[in-house]
Amino acid sequence: MPIPAAEPLFALLDRLGVVHSTLEHPAVFHVGEGDEIKASLPGGHTKNLFLKDAKGRLWLVSALQTAKIDLKALPATIGSAKLSFGSAELMLATLGVTPGSVTAFALMNDKERRVSFVLDKALLATEPLNFHPLVNTATTAVSAAGFLTFLDALGVTPVLVDFS
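Here goes a summary of the coordinates provided. (Residues numbered from 1 in each chain as written. Predicted model: local features only at pLDDT ≥ 70, side-chain atom pairs only at ≥ 80, totals over all residues. Heavy atoms only, no water.)

**Some remarks on the environment of Ala 153**
Link 1 in the chain: Relative to the helices and strands, Ala 153 is located in helix α6 (residues 144-154).
Link 2 in the chain: For Ala 153, a relative accessible area of 44% puts it in the partly exposed group.
Link 3 in the chain: For the pair Ala 153 and Leu 12, spaced 141 residues apart in sequence, the C-alpha separation works out to 9.4 Å. (Helix = DSSP H or I, 4+ residues; strand = E, 2+ residues; numbered from the N terminus. Buried < 20%, exposed > 50% of the residue type's maximum accessible area, 1.4 Å probe, protein only.)

Have a look at this one:
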């Protein structure tokens, strides 16, 4: 069954030759929900944080769901000002998704490249990587190499961080 909101993503992945598979499931809004779904899917499952720093710069952090992210220490690591969560309105305006559906795949909607991307090294070391495909009623898996191809096609260079 097609997922209308995800079709542009799937079309882009297909154009790039990135193999992907998607499992539809009930909506999952937070890390810790949907553990039974994740148990049936191999690979790294993600937590994604949409952040804004005190200077107005926007950040998207994608990490393994088990990663401990210290928002007070992160600015020194990534070169940002003090961080807080970005608003739902700003998320929709820049990434085209709503809370609960934030995903690294939404970087495709950031045409002005306002959002800096922070990627967990441990997540990148898993196979496959699992993200929501712009909606939280499905999970899409891609290889780490495929994900890097996706980012490269967008012109996005991630800031790699070791959250362990």
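**As for the pairing of strand β6 (residues 115-120)**
Link 1 in the chain: Most of β6 is tucked away, with six of its six residues classed as buried.
Link 2 in the chain: Side chains of β6 alternate between two faces, with Val 115, Phe 117 and Leu 119 and Ser 116, Val 118 and Asp 120 buried alike.
Link 3 in the chain: Alignment of strand β4 (residues 58-64) against β6, held across five bridges, turns out to be parallel. When the sheet's bridge partners are listed, Ser 62 is paired in β6 with Leu 119.
Link 4 in the chain: Note that β6 and strand β9 (residues 159-161) share three bridges and pair parallel. Across the sheet, Val 118 pairs through a bridge with Val 159, a residue of β9. (Pairing = 2+ DSSP bridges.)

**Considerations on the nonpolar core**
Link 1 in the chain: Counting 38 residues, the largest nonpolar core has Leu 95, Leu 107, Phe 117, Phe 147 and Phe 150 as its most contacted members.
Link 2 in the chain: Among the secondary structure elements, those contributing two or more residues to this core are α1 (7-16), β4, α4 (88-95), β6, α5 (121-124), β7 (129-131), β8 (138-142) and α6.
Link 3 in the chain: Discounting chain neighbours no more than four positions away, the residues touching Phe 150 are Leu 9, Leu 12, Leu 13, Leu 16, Ala 104, Phe 105 and Met 108.
Link 4 in the chain: The next biggest cluster of nonpolar side chains, apart from the first, holds 13 residues, and it includes Val 61, Leu 83, Val 161 and Phe 163. (Core = buried A, V, L, I, M, F, W, Y, C linked by side-chain atoms within 4.5 Å. Contact = heavy atoms within 4.5 Å.)

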